[in-house]
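The lines below spell out each chain.
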2 protein chains.
Amino acid sequence: MNIPSANILTFHRKGKAMDRIDSSLVALRRILRATDLFGRELAQSAGLTAVQFRVLQLVAEKGDATATTIAQRMRVSQATVTSLVDKLVAKGVVVREKSQTDRRQTNICITDKGRETIADAPDALQQRYVREFQSLADWEQAMIVAALERVATMLDAEDLDASPVLDARDIRSGT
Amino acid sequence: MNIPSANILTFHRKGKAMDRIDSSLVALRRILRATDLFGRELAQSAGLTAVQFRVLQLVAEKGDATATTIAQRMRVSQATVTSLVDKLVAKGVVVREKSQTDRRQTNICITDKGRETIADAPDALQQRYVREFQSLADWEQAMIVAALERVATMLDAEDLDASPVLDARDIRSGT
DNA sequence: GGGTTTTATTTCAAGTATCAAAGCATTTTT
DNA sequence: AAAAATGCTTTGATACTTGAAATAAAACCC
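Summary of the structure given here.

Reading the values: the criteria
Residues numbered from 1 in each chain as written. Chains lettered and ligands numbered in written order. Predicted model: local features only at pLDDT ≥ 70, side-chain atom pairs only at ≥ 80, totals over all residues. Heavy atoms only, no water. Near = heavy atom within 4 Å. Polar contact = N/O pair within 3.5 Å; in protein donor to acceptor, adjacent residues only side chain to side chain. Helix = DSSP H or I, 4+ residues; strand = E, 2+ residues; numbered from the N terminus. Nonpolar A, V, L, I, M, F, W, Y, C, P; charged D, E, K, R; others polar. Axes fitted to C-alpha atoms, helices over the stretch in contact; angles between N-to-C directions. Parallel < 35°, antiparallel > 145°, perpendicular 65-115°, else oblique. Left-handed = near helix turned anticlockwise from the far one by under 90°. Contact = heavy atoms within 4.5 Å.

Some details on the protein's contact with DNA strand C
Here's step 1: The environment of DNA strand C is formed by 26 residues, the closest being T68(A), Q78(A), R96(A), T49(B) and T80(B).
Here's step 2: Within 4 Å of the protein, atoms of DNA strand C come from sugar and phosphate in 74% of cases.
Here's step 3: At a separation of 3.2 Å, a phosphate oxygen of DNA strand C approaches a polar backbone atom of T106(A).
Here's step 4: Contact between DNA strand C and T80(B): a phosphate oxygen at 2.7 Å from a side-chain N or O atom of the residue.
Here's step 5: Counting residues per element, the ones that place at least two in the surface near DNA strand C are helix 3 (67-74) and helix 4 (78-90) of chain A together with helix 2 (50-62) and helix 4 (78-90) of chain B.
Here's step 6: Of all the elements, helix 4 of chain B adds the most residues to the surface near DNA strand C, at 5 residues.
Here's step 7: When grouped by side-chain class, the residues that make up the surface near DNA strand C number 8 nonpolar, 11 polar and 7 charged.

Put into structure tokens, the structure is as follows:
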């Protein structure tokens, strides 16, 4: 989590003044680093680990989720999700409920305590981002949105899992 | 750490069309997600874990590094770095060498095999980014650099460790 | 229906990651 | 030189991760 996670963007060309590629990669690394660091703090302040917190966030999005869905979205194995959910159940932030429609499935449902946990977590990073973003001039906001979306498209182009979680399984089955 | 790392940016306001804050957060999440996912693949293709690969990258930057430096830059404990370096030594991509000037220090030096490992790792993500970035119009490149740097500054403002590793210890001792 | 295959999840075993605390060796300070 | 600080490793404990095997339920086929 690893998150602690991956900071894979590096730049190797040296010698002359930094060009735009390098500058943009450096900025990306700063963004990655800041979010990684803050993410760990955020989780800790909620009494969870970073990975546990991410699972909780995914469950919170819709109120419940299946292990498979979570595993696919986090790109970890089902077994991993099971053990993470074990921890979250032990902490009382989610509960397991057998699906009525298909009793093979287990719905992982967020509890009130889970909702509180997320609500109470002081996401300093996001708060600061929102605050500063809103203080920007209109044109600057627009520029940032355009640029971020451009970069996001460049980076996750053929990796479709970032889109709504509908056909993730179908896509993966191709591998 | 996996590195598995933190995807902490969430958005909760719903109901109406997405505003700019939401759009920018979604884009950021896509960026985070893509880099995280690709980072793991990249490391795996090199026969390492994501965290191990990051250590190797840091060592590769200057050819060698001390455990303390790596620990500070990755924000993990020295003990963690020790065990990670153990793995890298076992794989033959780095070696430990006692510093001549201060024999308490251990320089972690990259080997030829280590250099190869990094060179051979097909960083598909970065390659695509570089390729696409270079194909952009001049004004667009400039816009992206400006926007990314703006966002990076918003996110890592008081977190100074992204800058040269000088006083990270002093900052941390405050906690 | 009864048998086979597929799907969803959990359990188990083994390896990796992480850190606090304790230990060692080497400077630096007094 | 004694004491304090520094750099690193070891140890013990917890968490994360996965592949493989096990369990259970649904879907498919004849």
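The structure having been displayed, the exposition proceeds.
Some remarks on the packing of helix 1 (residues 20-45) of chain A against helix 7 (residues 138-156) of chain B
Here's step 1: Between helix 1 of chain A and helix 7 of chain B, the shortest axis-to-axis distance is 8 Å and the interhelical angle comes to 25°. By the angle class used here, helix 1 of chain A and helix 7 of chain B are roughly parallel. The hand of the helix 1 of chain A/helix 7 of chain B crossing is left-handed. Each of R20(A), S23(A), S24(A), A27(A), L28(A), R30(A), I31(A), A34(A), T35(A) and F38(A) in helix 1 of chain A lies in contact with helix 7 of chain B, whose residues at this interface are D138(B), Q141(B), A142(B), V145(B), L148(B), E149(B), V151(B), A152(B), T153(B), L155(B) and D156(B).
Here's step 2: Its residues assigned to classes, the contact of helix 1 of chain A with helix 7 of chain B shows 11 nonpolar, 5 polar and 5 charged.

Geometric descriptors of this kind do not, in isolation, establish any biological role.
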